[in-house]
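Per-entry structural report
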Protein chains: 2
Amino acid sequence: MNGEKAKDHKMPLVDLDRFDFLYANRVKGMKTAATRDLMATLSRPGIISLAGGFPDTKAFGEEAFRTISEDIASDAAQALQYGPTGGLEGIKDVIVEVMEAEGTPAQQENVFITTGAQQALDLVAKVFLDEGDAILCEGPSYAGALNAFAAYRPRIAHVPMDRAGMIPSAARETLVRAKKQGMHVKFIYTVPNFQNPGGVTMSRERRKELLAIAREFDLIIIEDNPYGMLRFEGEPLPTLAALEIEETGDVDRVVYLGTFSKIFAPGVRLGWVHAQPGILHKINVGKQGADLCSSNLSQMMITSFFKNGDWNAYVRRLNAIYKERRDAMLAALAEYMPKDVYWTHPEGGLFVWATLPSYLDATAMLPRAISKNVAYVPGEGFYAGGEHKNNMRLNFSFVESEKIRRGIEILAEVIRQRMELRSDLERGTGQMRAVPKPKPKAQKKSPEKEAAEALTERARAGRDG
Amino acid sequence: MNGEKAKDHKMPLVDLDRFDFLYANRVKGMKTAATRDLMATLSRPGIISLAGGFPDTKAFGEEAFRTISEDIASDAAQALQYGPTGGLEGIKDVIVEVMEAEGTPAQQENVFITTGAQQALDLVAKVFLDEGDAILCEGPSYAGALNAFAAYRPRIAHVPMDRAGMIPSAARETLVRAKKQGMHVKFIYTVPNFQNPGGVTMSRERRKELLAIAREFDLIIIEDNPYGMLRFEGEPLPTLAALEIEETGDVDRVVYLGTFSKIFAPGVRLGWVHAQPGILHKINVGKQGADLCSSNLSQMMITSFFKNGDWNAYVRRLNAIYKERRDAMLAALAEYMPKDVYWTHPEGGLFVWATLPSYLDATAMLPRAISKNVAYVPGEGFYAGGEHKNNMRLNFSFVESEKIRRGIEILAEVIRQRMELRSDLERGTGQMRAVPKPKPKAQKKSPEKEAAEALTERARAGRDG
């Protein structure tokens with residue numbers, strides 16, 4: 001990172017500090033994201049990072065950057081000034097165009113600018129969640145969303161997914177149970193396309209069923225769609241926002257979150273909410289307290305590029321790059337991973353979700369992998385309760401294909417060694433010290449294995465090309 | 001604003017909406033800032049706005065903007081990428097330099113970047129405040145801070161000020177009372193230099209006394225210092241952060257907030273916290289959920305300007321512009337304002353605080369003023385309880401001197417008309433309908449008048465040059 005080193009890791013990681021008696025209780029519910037804490041390590045030379053959620057910003061190019069900064073220079077006074085809390089009109093027009101390109105008939109007056117979609121997650125939680133309220137998230141779910149929500153101390157129920165996304169019958173069961181227990185469920189949070197971290201996409205039928213469930217249980221759906229336009233194969237599916245407008249004629253209980261981080265660049269920190277005006281009014285009040293307004297400079301740069309440049313061509317270019325890298329990752333997984341390792345087959349986006357045998361702990365294994373110069377994100381951060389330690393998220397958008405191949409090869413070797421160690425122990429050959437023989441595994445298929453097979457594909461299953 | 005119109009005012013201002021049963025309780029404690037709601041009106045052509053807190057971003061210039069964007073173009077890939085949550089190292093070096101220029105021996109590892117100082121206010125509240133906790137603020141206090149704090153539902157006690165800032169004996173009394181009532185006071189919030197909205201500056205003795213009080217009652221001081229370098233006259237005073245380091249050898253219970261909004265530009269949305277590492281760690285966790293990281297683009301632009309440009313000369317230029325405008329405002333106030341109107345004499349910053357006779361309501365008067373093409377911020381937004389309706393905040397940084405003069409002339413006329421109306425009513429000459437004669441005012445000086453005289457100077461009192 002150009003000689004910039006993150007020093008976040010210098011901060012103490014324990015809660016015992018001088019002002020413990022002054023901190024709010026909510027601080028106890030807030031975790032640092034594994035990816036954020038890893039950032040210092042990941043900028044180490046030689047590391048093959050499959051950990052971040054970084055798009056490839058080198059693809060944009062210095063010349064394009066020069067063009068848009070030159071374009072807004074004559075409006076520098078406005079670019080440098082405060083703006084309206086909800087955003088400038090120009091960028092709202094751009095957002096309507098972007099949402100229409102994905103098939104959502106958005107309205108300019110229903111668009112509200114945020115400082116990245118991350119801020120939208122924070123504001124949605126701020127507006128809807130009292131301590132003890134419940135929400136439904138996919139299992140696994142985006143760690144940054146779980147962190148944003150956790151600050152408001154809700155109960156988080158994870159709904160299992162399979163290859164077609166969140167399972168509606170499971171969502172319904174959870175909602176019925178929550179109601180019986182007197183919990184107030186405020187919203188369902190979903191990343192329907194190329195889910196982070198699962199990599200799977202919710203089917204059209206399930207999208208419609210989720211809308212029906214939201215109406216039945218009178219709650220909101222937070223549709224977080226950062227990756228929708230990054231599709232490499234298969235047919236695009238309508239957003240839940242589009243389906244709701246189609247069914248009811250207007251935006252109602254779908255709060256749609258979008259971002260420029262993946263189709264333009266994350267460094268400008270700009271995202272948006274598309275929702276009905278009553279909800280936007282609350283979000284506006286929340287944003288005033290949070291950061292007054294988003295950067296005019298960023299908004300005007302984006303507007304310049306999307307109005308004057310060929311943004312569709314840029315997204316196609318990104319997709320070509322990412323598809324090649326996804327293919328490289330899937331091929332390398334199939335070539336190198338030991339039997340009993342499973343992974344998903346994303347049709348787009350940035351991530352593959354891998355499932356190791358249930359006795360392996362990806363969190364405990366990470367230092368070993370980093371010492372071998374490869375990094376990933378352990379699965380437990382994607383569950384509010386920290387379960388699923390045998391999962392890992394693998395990113396394919398940031399690193400070149402050859403490095404991805406090499407990274408997966410190393411990672412497979414690290415995993416294989418762990419598996420062999422276990423196997424040695426089971427055979428009682430760990431003779432250095434007396435090791436209690438583990439109970440033999442039951443012969444019937446374990447629930448973890450069944451879940452892994454539902455969500456992912458088996459190694460070398462032949463779908464990976 | 002270049003054809004951009006804010007549409008925030010289209011949002012419904014009532015709480016009765018379809019999803020009232022889903023919103024969090026905290027939404028009830030969150031208000032929209034009058035200045036934010038006014039933004040649409042204020043961009044109307046012909047309006048002389050003394051309302052905003054806008055610096056004059058025209059002063060920076062298109063050429064300087066071109067220079068810094070060109071300078072970072074070769075690092076575009078980094079400028080467009082995610083960055084570390086706590087900020088890039090380069091801008092932290094700049095901040096140490098800026099704080100040293102104001103006499104504070106800052107340490108790079110105690111600096112944490114935020115999306116404007118407004119985000120720092122939100123994060124500080126997030127980290128320290130449980131519902132029902134108490135905090136002390138100046139009376140009046142920055143409305144944006146009150147809004148940020150209100151989302152976490154604390155009790156806010158306003159401590160009165162005089163011309164030397166917050167009155168320590170009053171702060172102490174409030175703390176003793178709060179302790180007796182079993183409240184947990186978490187921090188004292190202060191804007192010591194050219195306070196927003198009061199315009200007054202806390203004396204050196206009071207700064208030291210406030211530090212002693214914080215130690216005695218074992219709480220934190222939030223020192224919010226956006227305007228410290230905008231001094232037009234008088235000797236600079238040490239920050240509370242500097243005094244603490246001088247007294248104890250290290251940063252401890254002073255959490256210092258700075259911003260580039262006033263010495264560079266607000267459109268980049270960048271501020272910072274300087275605090276001890278334990279507190280910064282909590283703030284880091286809070287920021288990850290709030291917006292992941294601040295804009296690399298903004299950070300690199302600032303770093304380029306502060307490392308390559310003459311930022312001190314730029315601040316001197318801003319101060320020359322603002323001093324002339326302040327002088328114009330003070331002269332116009334003295335020339336046009338009716339007797340019984342008072343105002344403060346700021347030695348720097350952006351604001352004058354005016355006090356009308358206690359029977360006048362500046363909020364009710366605002367539509368009349370706007371219809372005459374002049375705007376200000378009514379005082380009640382600067383008190384958590386909405387008191388002091390007879391105050392107004394007047395900004396002198398954004399509008400040219402000639403317009404300031406004209407704006408004050410119009411405003412004085414609007415106030416005079418209101419005073420005459422009242423006088424007419426008192427004399428019983430309102431003959432169109434039977435108006436009950438108000439009780440005659442007591443002859444002894446009212447408490448409001450005494451308070452106004454303590455904080456402000458009397459019209460034409462001769463200190464205004």
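All of the points below concern the structure found in this document. Note that the structure is predicted; figures quoted are calculated from it, not measured.

With an axial shift of 0.0 Å and an RMSD of 0.1 Å, the rotation relating chain B to chain A amounts to 180°. Between the two chains, the operation in question is that of a two-fold axis. Taking C-alpha positions as the reference, the residue of chain B nearest the rotation axis is Ser69(B), at 3.1 Å.

Here we take up the packing of aromatic side chains. One pass over the full model with this rule turns up 40 aromatic pairs over all chains. With a centroid separation of 5.2 Å and an interplanar angle of 85°, the aromatic rings of Phe54(A) and Phe398(A) are classed as edge-to-face. One end of the pair, Phe54(A), is in the loop between β1 (48-49) and α2 (62-73); the other, Phe398(A), is in the loop between β14 (391-395) and α14 (401-426), and 344 residues separate them in sequence. Exposure remark for Phe398(A): the relative accessible area of 29% places this residue in the partly exposed category. When the ring of Phe60(B) is compared with that of Phe264(B), the centres are 5.2 Å apart and the planes differ by 80°; the resulting orientation is edge-to-face. Of this pair, Phe60(B) sits in the loop between β1 (48-49) and α2 (62-73) while Phe264(B) is found in the loop between β8 (254-259) and β9 (271-274), placing the two residues 204 residues apart along the sequence. Phe264(B) carries the same exposure label as Phe60(B), and that label is buried. In textbook terms, an aromatic cluster arises when at least three aromatic residues are bridged by ring pairs, as seen for Phe60(A), Phe260(A), Phe264(A), Trp272(A), Phe305(A), Phe306(A), Trp311(A) and Tyr314(A). Lys282(A) extends its terminal NZ or CZ atom over the ring of Tyr23(B), reaching a point 5.0 Å from the ring centre. Sitting over the face of the ring of Phe398(B), Lys58(B) holds its NZ or CZ atom 5.7 Å from the ring centroid.

Here we take up the packing of helix α5 (residues 116-128) of chain A against helix α6 (residues 143-150) of chain A. When two helices pack together, their arrangement is given by the angle between the helix axes and by the axis-to-axis distance. Residue and element names in this part refer to chain A. Interaxial distance between α5 and α6 falls to 8 Å at its minimum, and their mutual angle equals 35°. In terms of crossing hand, the pair formed by α5 and α6 is right-handed. Only Gly 144, Ala 145, Ala 148 and Phe 149 of α6 make contact with α5, whose side of the interface consists of Gln 118, Leu 121, Asp 122 and Ala 125. A breakdown of the residues in the contact of α5 with α6 according to their chemical character gives five nonpolar, two polar and one charged.

About the thresholds
Residues numbered from 1 in each chain as written. Chains lettered and ligands numbered in written order. Predicted model: local features only at pLDDT ≥ 70, side-chain atom pairs only at ≥ 80, totals over all residues. Heavy atoms only, no water. Least-squares fit on C-alpha atoms with pLDDT ≥ 70 in both. Phe/Tyr/Trp six-rings, centres within 6.5 Å; stacked < 30°, edge-to-face > 60°. Helix = DSSP H or I, 4+ residues; strand = E, 2+ residues; numbered from the N terminus. Buried < 20%, exposed > 50% of the residue type's maximum accessible area, 1.4 Å probe, protein only. Lys NZ or Arg CZ within 6 Å of the ring centre and 35° of its normal. Axes fitted to C-alpha atoms, helices over the stretch in contact; angles between N-to-C directions. Left-handed = near helix turned anticlockwise from the far one by under 90°. Contact = heavy atoms within 4.5 Å. Nonpolar A, V, L, I, M, F, W, Y, C, P; charged D, E, K, R; others polar.

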